[in-house]
Amino acid sequence: MLFRSRAIIETAAGYAVTGATGGATSGGQSLTWLLRLGPTGALLDEGQYGTPGSESAGFDLLSMSDGGFVLVGNHADAPGLPYDAWLVRTDKQGNSSCQ
């Protein structure tokens, strides 16, 4: 699977990265991707957000005081359709509370 990173920030636990999975290698479909890394770059966990058959990507992220994140990006209901601005709010476990 192809991963494209767009933004990285430093967090209390290490680092967080957002971007997209898939793209041209998966028929144009992609999901917003969030990685949480420890201080040495070791993978702590990862999450993917979006719906199958859609196209979305994270372009920036904010770390929230509760340990969660706000991901900012774009989303289209299917490859080739117009994009809309998109926000994803996660809790500290990576569960999305709104998209």
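Residues numbered from 1 in each chain as written. Predicted model: local features only at pLDDT ≥ 70, side-chain atom pairs only at ≥ 80, totals over all residues. Heavy atoms only, no water.

1. Quick word on the confidence of the model for the protein chain
So the rule is basically this: Note: pLDDT gives the predictor's confidence per residue, expressed from 0 to 100. Going along the chain from the N terminus, every DSSP run of H or I of four or more residues is numbered as a helix, and every run of E of two or more is numbered as a strand.
On average, residues of the protein chain score 86 in pLDDT, and 90% of them are at 70 or above. Per-residue pLDDT, averaged within each element of the protein chain, yields its smallest value for strand β8 (residues 96-98) (77) and its largest for strand β4 (residues 43-49) (92).

2. Remarks on the side chain of T18
Under the convention used in this document: Exposure categories follow from relative accessible area, calculated using a 1.4 Å probe and restricted to protein chains: below 20% of the type maximum is buried, above 50% is exposed, and the middle band is partly exposed. Two N or O atoms count as a polar contact when they lie within 3.5 Å, although within protein this holds only if one can serve as hydrogen donor and the other as acceptor, and sequence-adjacent residues are included solely when both atoms are side-chain atoms. Here, two residues are considered to be in contact whenever any of their heavy atoms come within 4.5 Å of each other.
Structurally, the position occupied by T18 is in strand β2 (residues 14-22). You can call T18 buried: its relative accessible area is 0%. Within the structure, T18 has its side chain in polar contact with the backbone oxygen of W33 (distance 2.9 Å). Sequence-distant contacts of T18, defined by excluding residues within four places in its chain, comprise R4, S5, R6, A7, T32, W33, G58, F59, D60, L61 and L71.

3. What to know about the environment of L81
Note that L81 resides in the loop between β6 (69-76) and β7 (84-90). Take L81: its relative accessible area is 44%, and that puts it in the partly exposed class.

4. Observations concerning the pattern of salt bridges
Defined as follows: Throughout this description, the term salt bridge denotes a Lys or Arg side-chain nitrogen within 4 Å of a carboxyl oxygen of Asp or Glu.
Within the structure shown, the criterion is met by 2 salt bridges. A salt bridge links R89 to D66, with the shortest nitrogen-to-oxygen separation between them at 2.9 Å. Of this pair, R89 sits in strand β7 while D66 sits in the loop between β5 (55-63) and β6, and the two are 23 residues apart along the sequence. A residue is classified by how much of its surface remains accessible, and D66, at 41% relative accessible area, is partly exposed.

5. Quick word on the side chain of R36
Secondary-structure assignment places R36 in strand β3 (residues 30-37). Overall, the relative accessible area of 18% leaves R36 in the buried class. At a separation of 2.5 Å, a polar atom in the side chain of R36 contacts the side chain of D45. Excluding residues within four positions of it along the chain, R36 makes contact with Y15, A42, L43, L44, D45, G67, F69, K92 and Q93.

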